[in-house]
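# Observations on the model geometry
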Amino acid sequence: MLVADNVSKAFAGSVRAVRGVSFSLAPGQIMGLVGASGSGKSTLLNLLAGLADVDTGSVLLNDKRVPGPSDVLIAGHPDIRLVHQEYQLMPNVSIRENIAYAVRYFEKEYRTHRVDALLKLCRLTAVQDRLPRQVSGGEKQRTAIARAIADVPAVLLLDEPFSHLDLPNRLLVRDLLFELVREQQTACLFVTHDAVDALSIADTIGILRDGKLIQLGTPESVYLRPDTAYAARLTGRVTVLAEKYRPLLGLPASDSPDRLMSIRPEQVTIDESGVAVRVRAVFFMGSHYELEVELNRYASLRLLTTRADIQVGQLVNIRVNADAVWPLRS
Ligand SMILES: Nc1ncnc2c1ncn2[C@@H]1O[C@H](COP(=O)(O)OP(=O)(O)OP(=O)(O)O)[C@@H](O)[C@H]1O
């Protein structure tokens, strides 16, 4: 079990990069930490990996403190691996040897067997004899993941594992992480600024803002019941409006008209008995269309539909699922 207990870290110039973060992560669990740029994601990863010293609080692995670099000769913990965004592969040896290096102290027979299995799991068998510069970004990243998990660490930390990849590669990495975490019971934590991938594989999602973990819960709970507009926007498409607009949506008036509310676009449907609104924009999204409709001069709302016949300027009737309108704290 990896535990962050009230972890804080500030940098010179009084930047408080991580502020009182606490959570625990069990073997076989995946956690996605979502935050905007500068919210403290990379700093927190370094603290969890024992690559930076905490100012206060502690990181524990199986009840033992993870020492920071000032406590040990070589920074880092043998059971915790961090895969950086730059992958940090050895440039002059093959993909296979990059992975094999991580299991160099094991017997030759096991080593061969393990590297073959990792190449297969990470879909790298066909490129195993190439140098890192001769493979794609996605293949480099999968090599870095294979190397990190080669000797079955207790914890795998990943910095933005999806950010530089195209859709097929994102799906490949997502499935790979899912498979290996379940198979090896690794505890996996990744940080991202885009929660779409996090929602689909994480058991828990944490929202990081200005170094603070401001919400923690299952993907469903954070997506459906975000505490703040920040959490709502980081976890998917959403309309954030003041509650004074409720009557324009066909909903009962609120007693807190200035409070904000979030409405996910899939909770709004086209319905002949709903309120009439004008279509301001139509976006083709592949599997569906996203419409922006006008509530008045100042406010608009997003909704999804599979109907292909809707035009800009047209009047449509919409209904908002009242149960899915969620009040926000700020
Ligand atoms: N070595 C450092 N010295 C001083 N300030 C730093 C240092 N590293 C990070 N910071 C500051 O700490 C805050 C958090 O940075 P961090 O890199 O952890 O954020 P992040 O969420 O990973 O951002 P990004 O998504 O852009 O990588 C920022 O304000 C950053 O400028």
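Residues numbered from 1 in each chain as written. Predicted model: local features only at pLDDT ≥ 70, side-chain atom pairs only at ≥ 80, totals over all residues.

Named according to an unreviewed UniProt entry, the chain is ABC transporter ATP-binding protein originating from Spirosoma rhododendri.

So, about helix 3 (residues 108-121). When the terminal C-alpha atoms of helix 3 are compared, their 20 Å separation across 14 residues agrees well with the 20 Å that a helix rising 1.5 Å per residue should span. Listed as buried for helix 3 are Val115, Leu118 and Leu119. Here the buried residues of helix 3 occupy an arc of 100° about the axis, which is enough to place them on one side. Set apart from the buried face of helix 3 by more than 90 degrees, the exposed residues are Glu109, Tyr110, Ala117 and Lys120. Residues of helix 3 that are buried in the fold lie against helix 2 (95-100) and helix 4 (137-149). Looking one or two residues beyond helix 3, the residue adopting positive phi is Arg123, at roughly 55°. (Helix = DSSP H or I, 4+ residues; strand = E, 2+ residues; numbered from the N terminus. Expected span 1.5 Å × (residues − 1). Buried ≥ 20, exposed ≤ 12 C-beta atoms within 10 Å, placed from the backbone. Arc of directions from axis to C-beta. Contact = placed C-beta atoms within 7 Å.)

We now examine the environment of Asp151. Position of Asp151 relative to the elements: it lies in the loop between helix 4 and strand 7 (155-159). Judged by the 15 C-beta atoms lying within 10 Å of it, Asp151 falls in the partly exposed class. In this structure, the C-alpha to C-alpha distance between Asp151 and Arg104, residues 47 residues apart in sequence, is 9.7 Å. Residues in contact with Asp151, not counting those within four places in the same chain, are Ala102 and Val103.

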